[in-house]
Amino acid sequence: MSPIPDIPGELVHPNSDQGLWLKAQVARLCHLDNDRFPGSQPISFGERNLADLENDDFWVCEKSDGIRVLLLILTNPETQEQITCLIDRHNTYRKVEGFYFPHFEKLAIPIRSTLLDGELVLDVDPVTKTETLRYLAFDCMVVDDQYIMNKPLDKRYGRLSDWFYKPYATMLSDHPDQANLQPFHIQVKKMHAAYQVSQVFDEDIPKLQHGNDGLIYTKVEAPYTPNTDRNILKWKPPSENSIDFKLVVRFPPSPSNPGLPDFFAKPVFALHAWYGDERGMSKYELYDQLYVTDEEWESLKESGVQVDDRIVEVHWDSELQKWRMMRFRDDKPNGNHISVVENIIRSIADGVEKDALLSRTQRIRHTWKERQARPKPPVARPAAPRPAAPSAVIRYGPLASSPWSKVGGPAVIAGMKR
């Protein structure tokens, strides 16, 4: 598996004045009434979701094996100064230096406050082995101070590309030395229509210089939703589906003194599922056991790393019928919630292999094209406003009384009465 990169930047203490201010700014930008991590979370893909791909338009992209982080840009409207931060799933903020993000209308001025969603990956050149830290943006929540979480994915992606990335790429093209000041590179992840998934397998994934962790399907018409979003589907082959548990190591009692643990014996590796927070404390309960060979245990001991009380990613070995360790996930604050665990278990049992996914491509394409061919209902236009009644404008002031309003003289002239 590919290495998990460290998140760069200067850590902002969460309870400091600056940390609280940054969280408040994100909540304001996202129109939220809380300061928790505002990112969305996918659900696991199962056979039932094949019908979703036929019934609605979805985009698909490869799921990179990296760290999920939000990229925050805050711009002071008076001084034009920008602050750039990375926000991880712990809701921890890190300030990163060296960036300038220009405005899409005029590169000389900065883009206003913006919040992106993406993954931080470590690319390794297969020839030179050179490592490059890269941020792959795949969604946009706020851009140029405009809230767009309520817009569909195609509109958000368009703003991400046109308003954020294109002016940024143009600036780097004009000033290539600017890239040397930045702690990581930025790209926009390529998206495809759901029926073009074979291109992701055959073209996108083979070109990656970092690990791949499956596919992500996102419903095009859906808004961006914080927390669990059932319109975002995470696909993996059933054999590669993984779950994050908390690993709890317990040693058996000593043969000579049952009241003490036998630290020379091989321990039990218990997997605990997260049940949420209770009174400010994370609640975990035993779910199952991790299978660790004697050789793996000896290797863990020799490494000297802490094993107990860490988040561990595991997969189900169908031959052994046991959970097997993949890696530690120190980038995650907790293991998967028990509801997520149960969903993943169902997706393992009800999973869709790659061949089965590809076999539905023509049907997915047919229904997509069928929807596009349907006449769209006319857009209701607001009635044209009635023209305003002309107003009588007094241009020269009030009329003066005429001295000739009454005429003097005889009452009868030439036989005619006045």
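As shown above, the structure is provided for reference.
Presented here is a report on the structure given in the accompanying data block.

Conventions adopted
Residues numbered from 1 in each chain as written. Predicted model: local features only at pLDDT ≥ 70, side-chain atom pairs only at ≥ 80, totals over all residues. Heavy atoms only, no water. Helix = DSSP H or I, 4+ residues; strand = E, 2+ residues; numbered from the N terminus. Buried < 20%, exposed > 50% of the residue type's maximum accessible area, 1.4 Å probe, protein only. Contact = heavy atoms within 4.5 Å. Areas by Shrake-Rupley, 256 points an atom, 1.4 Å probe, with all protein chains shown as cover. Expected span 1.5 Å × (residues − 1). Pairing = 2+ DSSP bridges. Axes fitted to C-alpha atoms, helices over the stretch in contact; angles between N-to-C directions. Polar contact = N/O pair within 3.5 Å; in protein donor to acceptor, adjacent residues only side chain to side chain. Core = buried A, V, L, I, M, F, W, Y, C linked by side-chain atoms within 4.5 Å. Phe/Tyr/Trp six-rings, centres within 6.5 Å; stacked < 30°, edge-to-face > 60°.

**What to know about the overall build of the chain**
- Counting its secondary structure elements, the chain contains eight helices and 20 strands.
- Within the chain, buried positions represent 44% of all 418 residues.
- Across the chain, contacts joining residues at least 24 apart in sequence account for 66% of those joining residues at least 6 apart.
- In the structure as shown, the chain presents an accessible area of about 24000 Å², 51% of it carried by carbon and sulfur atoms.

**Things to note about helix H6 (residues 338–349)**
- Relative to the 16 Å expected for 12 residues at 1.5 Å per residue, H6 spans 16 Å between its end C-alpha atoms, a close match to the ideal helical length.
- The complete set of buried residues in H6 reads Ile338, Val341, Ile344, Ser347 and Ile348.
- Where H6 is buried, its residues touch strand S2 (40–44), strand S14 (242–250), strand S15 (268–278), strand S16 (281–291), strand S17 (310–317) and strand S18 (322–328).

**Quick look at the sheet that holds S16**
- If you trace the five strands once around the closed barrel, you get S14-S15-S16-S18-S17, paired in mixed fashion. Ignoring strand direction, the axes of neighbouring strands in this sheet form an average angle of 50 degrees.
- The sheet contact formed by S15 and S16 spans seven bridges and is antiparallel. Considered in S16, the bridge of alanine 270 is made with glutamine 289.

**What to know about the sheet that holds strand S11 (residues 192–193)**
- Reading across from one edge, S2-S13-S12-S3-S11 is the order of the five strands in this open sheet, with mixed pairing throughout. Strands at the two margins of the open sheet, each flanked by one partner only, are S2 and S11.

**Here we look at the side chain of aspartate 88**
- Structurally, the position occupied by aspartate 88 is in the loop between strand S5 (82–87) and strand S6 (93–96).
- Among the residues examined, aspartate 88 registers a relative accessible area of 5% and is labelled buried.
- A distance of 3.1 Å separates the side chain of aspartate 88 from the side chain of arginine 94, its partner in a polar contact.
- The residues contacting aspartate 88, other than those within four sequence positions of it, are Ile7, Phe37, Arg68, Val69 and Arg94.

**What about the nonpolar core?**
- In this structure, Phe45, Tyr135, Phe184, Ile186, Leu215, Tyr217 and Leu357 are the most contacted members of the largest nonpolar core, which totals 56 residues.
- Ranked by residues supplied to this core, first place goes to helix H3 (residues 153–174) with eight residues.
- The residues touching phenylalanine 184, leaving out its near neighbours within four places in the chain, are Pro8, Leu71, Leu86, Val96, Phe99, Leu120, Leu133, Arg134 and Tyr135.
- The next biggest cluster of nonpolar side chains, apart from the first, holds 20 residues, and it includes Leu247, Trp297, Leu300 and Ile348.

**What to know about the packing of aromatic side chains**
- Under the criterion given, the structure shown has 18 aromatic pairs.
- Between phenylalanine 45 and tyrosine 217, the aromatic rings sit 5.6 Å apart at their centres with planes inclined by 35 degrees, giving tilted as the arrangement. Taken together, the residues phenylalanine 45 in the loop between S2 and helix H2 (49–55) and tyrosine 217 in strand S12 (residues 212–219) connect sequence positions 172 residues apart.
- Tyrosine 217 gets classed as buried once you look at its relative accessible area, which sits at 1%.
- On the basis of an interplanar angle of 70 degrees and a centroid distance of 5.6 Å, the ring pair of phenylalanine 269 and tryptophan 297 is categorised as edge-to-face.

Remember, this is a structural readout, not a statement about activity or role.
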